[in-house]
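Fold and geometry: a report
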Amino acid sequence: MKIYLKFKSYNKRICKLLQLFKLEHDQNCSMGLLINHNSLELYNRENVNQKPIKVDFTSKKNHYRCHHFRRKNEVLYRVSGIKNSYFPTVLDATAGLGNDAFIFSFLGCKVIMIERHPIVAALLKDGLQRGYQDKKIGHWLQTRLHLIVNDSLKMLEIPILQPDVIYLDPMYPFYHKKSLPKKDMQFFRQLIGHNYDSKKLLEVSRKLAKNRIIVKRPYYAKPLSEDKVNHIVTTRNHRFDIYQPF
Ligand SMILES: C[S@@+](CC[C@H](N)C(=O)[O-])C[C@H]1O[C@@H](n2cnc3c(N)ncnc32)[C@H](O)[C@@H]1O
């Protein structure tokens, strides 16, 4: 994949990431990767004032969400199936920037994230490496949150992973102007495009998960499948459709 690479110095870590994700430099690309304060960031070359995208598990936003955690207010707790000392293993088959996967791991679940887009995967890997070294969260993050860079459809068809829960959060369908995501998320959408295989992903997931499949949707979108949704949890902007395994 081609992207504009703006690195002041090519350190070892970055060279490894570039090789790993087969990212090549392209002068004419509208998106660029740079290293800022030791973090890999994706920025919009057509609008440099736009906030770049990076993965930071130690961000203030995450700190606030974890610090103010209350069972009844945390939707991911409510949909996860966590009970007393039962912490399901979670496979996040559409990892993206790892926000939801991080919360599941904070709640105590062992989580495997799968991401197929090489640039998103590079951002995620970079965020994970920094998270693992963090003094406050590093010790539990290392044991609970891991990344596989691949297509989930391929990974789920070889049933080596048998998670209790499979979590799906594919890119949202377009609806009307009101539902346009924030500017940085529109930019993310430009990078990923539409996920046309989400329905198939749900079908495959239902054959593999032991306990439940959770599908995160925007409030206005139809369910991913015509099959009966077994349980629904709604928030202001989202709907979590929960399916039983086949
Ligand atoms: C909306 S984002 C997920 C956001 C994520 N839940 C978070 O909290 O940051 C969807 C992501 O799923 C990834 N994706 C979609 N289909 C996939 C598949 N079959 N295999 C792996 N990744 C997939 C896309 O590349 C994209 O990065």
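About the criteria used
- Residues numbered from 1 in each chain as written.
- Predicted model: local features only at pLDDT ≥ 70, side-chain atom pairs only at ≥ 80, totals over all residues.
- Heavy atoms only, no water.
- Pairing = 2+ DSSP bridges.
- Helix = DSSP H or I, 4+ residues; strand = E, 2+ residues; numbered from the N terminus.
- Contact = heavy atoms within 4.5 Å.
- Axes fitted to C-alpha atoms, helices over the stretch in contact; angles between N-to-C directions.
- Near = heavy atom within 4 Å.
- Polar contact = N/O pair within 3.5 Å; in protein donor to acceptor, adjacent residues only side chain to side chain.
- Nonpolar A, V, L, I, M, F, W, Y, C, P; charged D, E, K, R; others polar.
- Salt bridge = Lys/Arg side-chain N within 4 Å of Asp/Glu carboxyl O.
- Buried < 20%, exposed > 50% of the residue type's maximum accessible area, 1.4 Å probe, protein only.
- Patch = residues over 30% accessible without salt bridge, like charges linked within 9 Å, V, L, I, M, F, W, Y side chains within 5 Å.
- Areas by Shrake-Rupley, 256 points an atom, 1.4 Å probe, with all protein chains shown as cover.
- Lys, Arg positive; Asp, Glu negative; His and termini not counted.
- Charge placed at Lys NZ, Arg CZ, Asp CG, Glu CD.
- UniProt positions renumbered as here; feature names shortened; annotations may be inferred.

1. Digging into the sheet that holds strand β1 (residues 2–6)
What the four strands build is an open sheet, ordered β2-β1-β3-β4; its pairing is mixed. Single-partner strands in this sheet number two, and they are β2 (24–25) and β4 (39–44). As paired strands, β1 and strand β3 (residues 31–36) are joined by three bridges and run parallel to one another. Considered in β3, the bridge of L5 is made with L33. Of the strands in this sheet, β1, β3 and β4 are in contact with helix α5 (residues 118–132), which crosses β4 at around 145 degrees.

2. Observations regarding the site of the ligand
Not every one of the 23 residues close to the ligand is listed here, only the nearest: D100, E115, D151, S152 and D169. Contact distances for the ligand include 3.3 Å between an oxygen atom and a side-chain N or O atom of N99. Contacts to the ligand include S152, whose backbone N or O atom sits 2.8 Å from a nitrogen atom. Where the shell around the ligand is concerned, the elements lending two or more residues are α4 (99–107), β6 (111–115) and α8 (183–192). Counted by class, the shell around the ligand contains nine nonpolar, eight polar and six charged residues.

3. Topic: the pattern of salt bridges
Taken as a whole, this structure holds ten salt bridges when the rule is applied. With a closest N to O distance of 3.1 Å, D227 and R206 form a salt bridge. A residue pair is termed long-range when its members are at least 10 positions apart, and D227 in the loop between β9 (212–218) and β10 (231–234) and R206 in helix α9 (residues 198–208) qualify at 21 residues. A relative accessible area of 39% means that D227 is categorised as partly exposed. A cluster of three or more residues bridged by salt bridges with shared partners is formed by D100, D169 and K216.

4. Here's the deal with a positive patch on the surface
Side chains of K51, K54, K61 and K182 sit close together on the surface and give a patch of like positive charge. Along the chain, the position of K51 falls in the loop between β4 and α2 (60–67).

5. Comments concerning the sheet that holds β10
Spatial ordering of the open sheet is given by β7-β6-β5-β8-β9-β11-β10, a layout of seven strands whose pairing is mixed. This sheet does not close on itself; its edge strands, each paired only once, are β7 (145–149) and β10. On average, adjacent strands in this sheet sit at an angle of 20 degrees to one another, irrespective of strand direction. Pairing of β9 with strand β11 (residues 238–243), which is carried by six bridges, proceeds in the antiparallel orientation. From the neighbouring strand, I214 faces β11, where its bridge partner is I242. Contacts from α4 reach β5 (90–92), β6, β7, β8 (165–168) and β9, with the element oriented near 170 degrees to β6. Sitting on the sheet, α5 touches β6 and β7, and the angle it makes with β7 is about 155 degrees.

6. Remarks on the UniProt feature "binding site: S-adenosyl-L-methionine" in the protein
When the UniProt feature table is mapped to this numbering, "binding site: S-adenosyl-L-methionine" covers E115, R116 and D169. A maximum C-alpha distance of 13.5 Å among these annotated residues, which run over 55 residues, shows that they cluster at one spot. Its place among the elements puts R116 in the loop between β6 and α5. Not counting residues within four places of it along the chain, the set of residues in contact with R116 comprises N150, D151, N195 and D197.

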